[in-house]
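# Descriptive structure summary
Listed below, chain by chain, are the residues.
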Amino acid sequence: MKTLRQAKIGETVKVVKLRGEGAVKRRIMDMGITKGVEITVRKVAPLGDPVEVNVRGYELSLRKADADMIEVQ
């Protein structure tokens, strides 16, 4: 399964599943990233960390480790 980290700049993807446990998963969900939501990748820093995305009408920066926990299609 493809993760958000593997998505290309300008691509819009849909969240299929959130991996992770407890507080980490809760933090991602608190940022508005839940199953079924669409995410557009806006920018990726030169070394790949962080990834800037649009979620639910606002901009959000995610660490590579967090982006790896989000499975998309």
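As a reminder, the structure under discussion sits directly above these lines.
Small disclaimer: the values here were computed from a predicted structure and weren't measured.

With that settled, consider the sheet that holds strand β5 (residues 58-62). Judged by pairing direction, the sheet is antiparallel, and its 6 strands sit side by side in the order β1-β6-β2-β3-β4-β5 without closing on themselves. The open sheet terminates on both sides in strands that have one partner only, identified here as β1 (2-3) and β5. Pairing geometry for strand β3 (residues 38-44) and strand β4 (residues 51-55), over 5 bridges, is antiparallel. Bridging from a neighbouring strand, Val-41 pairs with Val-53 of β4.

Tracing the chain through its elements places Val-16 in strand β2 (residues 12-18). Along the backbone, Val-16 and Val-44 are 28 residues apart, and their C-alpha atoms lie at a distance of 21 Å. Ignoring sequence-local partners within four residues, the contact set of Val-16 consists of Met-1, Lys-35, Glu-71, Val-72 and Gln-73.

With respect to burial, β4 is a largely interior element, 4 of its 5 residues being buried. In textbook terms, the turn of a hairpin is the stretch between consecutive antiparallel strands, and for β3 and β4 this stretch comprises 6 residues, one of which, Gly-48, has a positive phi near 90°. Here β4 runs beside β5; their pairing, made up of 5 bridges, is antiparallel. Following the sheet pairing, Val-53 is matched in β5 by Leu-60. Hairpin remark: β4 followed by β5, antiparallel, with 2 residues in the connecting loop; positive phi at Arg-56, about 50°.

What counts, and where the lines are drawn
- Numbering of residues starts from 1 in every chain and runs along the sequence as written.
- The model is predicted, so local features are restricted to residues of pLDDT at least 70 and side-chain atom pairs to those at 80 or more, both for listing and for counting; the totals for chains, interfaces and linings are taken over all residues.
- Water and hydrogen atoms play no part in the side-chain values, which are based on all heavy atoms of the structure.
- One requirement defines pairing of two strands: DSSP has to find at least two bridges between them.
- Secondary structure follows DSSP: runs of H or I at least 4 residues long count as helices, runs of E at least 2 residues long count as strands, and numbering of each begins at the N terminus.
- Pairs of residues are marked as contacts when any of their non-hydrogen atoms sit within 4.5 Å.
- A simple rule labels every residue: compare its accessible area, found with a 1.4 Å probe on the protein chains alone, to the largest value its type can have, and call it buried under 20%, exposed over 50%, or partly exposed in between.

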